[in-house]
Amino acid sequence: MSVEILTFLFFGALLLFILLGSPLTFVLGGISVVFLYYEMGSVGFYLLASKMWETMQSPTLMAIPLFVYMAILLEKSGVANDLYSMMHLWWGGLRGGLAIGTVLICVIFAAMSGISGAAVVTMGTIALPKMLERGYDKKLALGAINAGGGWGILIPPSILMVLYSLLTEVSVGRLFAAGIGPGLLLFVLVSIYIGVRCWLQPELGPALPREERAGWGPKLRSLKAVILPILIVAIVLGAIFGGYATPTEAAAIGVFGAFVATLINRQLSWRVIHDTSIATLRLTALVIWILFAAHAFSAAYTALGAQSMMSNLMGFIPGGKWGALLFMLMILFLFGMVLDPVGIMLITLPVFLPVIREAGFDPIWFGILFIIMMEVGYMTPPFGFNLFYLKGVAPPGVTMSDIYSSVIPYVLVTLLGVLLIILIPGIALYIPNLLYG
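If you check an unreviewed UniProt entry, the protein chain appears there as TRAP transporter large permease protein from Paracoccus onubensis. One UniProt comment on the protein chain, placed under Function (unreviewed entry), says "Part of the tripartite ATP-independent periplasmic (TRAP) transport system."

Here you go:
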């Protein structure tokens, strides 16, 4: 049977079972194993088992449950409440200041957690009601939280970056370093958008009345709220970038820092430890199955010979390698509307990476573009995860329609950031090149 027919059957079966509502990980792994057996016989199973065993021995894999544990524990530590109180004192006197300050807290939370939902749920619970009480435009506030919450997968440490590293065999340290510049760029772009919009339309983000603004004393005292978060971030990332620890060892240090932060905020209890451990176990087990499915898909895809066929097809796209890159980003954007980021990673990376390498693009640079597009997927209708996280914690007056429409300008701002990173690759590559050569 020709490779074209096999590829059509392969992806057709995948699409059919996804539309039937079957779990993507098991669908992808199951279909891949069937086609692998058809193409290679029982030898394919030995190949697959060997690759899985090799992955299970990777020290980087241990970083995933540790970073997940750190993120969940920090979410329960009460750090976010102190950060919001500090931000309210410093930024409340500016037009749109509460929204910009909320976005800044999302940056700090992203650097502590490594997952997307943590900042969205926390800021949706703490910051959103406060902004609405102060007369902020509903859509401006919702969009700011939605956009800022997505940076958890871009600003290191990032669970999705660890997965990308495992699947593509690029350096997770370089990938972490590459996320810093783009993360700060998106923060600046979103802050400029909020500031300019509220300057032109003051009613969207009114400043606090003068009598409610804090003096320098309370402002300076409030800065103690950032000491623990910055210390945790500095130790974790400093250990990795300074070459003092592997990502796994740094993640263990981060877990210890999260315990200290939770203890200092008097939130540490056996119940918190139990709930955090169970949640980490569930997420880690999910990641392991994802890796199994990814290896099965990659092996089957290669055995079918579809890799060369896809590379040839990319050659027919107008615009050469830049046209192919634009096409891949469009695919990621469309997939992000209907699939979860991990599923998109499983389906697209085996197809895209050979094309990226053949075109001469840096896989670290492409990895950052990939992660940002996954971030866009978190915030775009109809099935973006952040949309539903936000709806789950939003006040009763906030409708799903409000949340859907609020993301449009923030998606456009994020896509502008993607364009800038494409035009100026140094935004992503300068820091990893500086640190690692």
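Our next topic: the side chain of T168. Inspection of the secondary structure puts T168 in helix 9 (residues 159-168). Since its relative accessible area comes to 6%, T168 is described here as buried.

A few words on the pattern of salt bridges. Applying the stated rule across the entire model yields two salt bridges. With a closest N to O distance of 3.4 Å, R271 and D275 form a salt bridge. One end of the pair is R271 and the other is D275, both in helix 14 (residues 270-304) and four residues apart, which spans about a single turn. On the basis of relative accessibility, which here comes to 58%, the residue R271 falls in the exposed class. The partly exposed category is assigned to D275, whose relative accessible area is 27%.

The next subject is helix 4 (residues 63-75). Given a rise of 1.5 Å per residue, 13 residues ought to cover 18 Å, and the 18 Å separating the end C-alpha atoms of helix 4 matches this to within 8%. For helix 4, a buried count of eleven out of 13 residues is recorded, marking the element as mostly surrounded by other parts of the structure. Taken together, the buried positions of helix 4 are A63, I64, P65, F67, V68, Y69, M70, A71, I72, L73 and L74.

So, on to the packing of aromatic side chains. This model, assessed by the stated rule, comprises seven aromatic pairs. Between the aromatic rings of W322 and F361, the centroid separation amounts to 5.0 Å while the plane-to-plane angle is 65°, which identifies the pairing as edge-to-face. Of the two residues, W322 sits in helix 16 (residues 320-336) while F361 sits in the loop between helix 17 (341-359) and helix 18 (363-379), which places them 39 residues apart along the sequence.

A few words now on a nonpolar patch on the surface. On the surface, V188, I192, V196, W199 and L200 cluster together into a nonpolar patch covering about 530 Å² of accessible area. Relative to the assigned elements, V196 resides in helix 10 (residues 172-200).

Cut-off values and rules
- Residues numbered from 1 in each chain as written.
- Predicted model: local features only at pLDDT ≥ 70, side-chain atom pairs only at ≥ 80, totals over all residues.
- Heavy atoms only, no water.
- UniProt positions renumbered as here; feature names shortened; annotations may be inferred.
- Helix = DSSP H or I, 4+ residues; strand = E, 2+ residues; numbered from the N terminus.
- Buried < 20%, exposed > 50% of the residue type's maximum accessible area, 1.4 Å probe, protein only.
- Salt bridge = Lys/Arg side-chain N within 4 Å of Asp/Glu carboxyl O.
- Expected span 1.5 Å × (residues − 1).
- Phe/Tyr/Trp six-rings, centres within 6.5 Å; stacked < 30°, edge-to-face > 60°.
- Patch = residues over 30% accessible without salt bridge, like charges linked within 9 Å, V, L, I, M, F, W, Y side chains within 5 Å.
- Areas by Shrake-Rupley, 256 points an atom, 1.4 Å probe, with all protein chains shown as cover.

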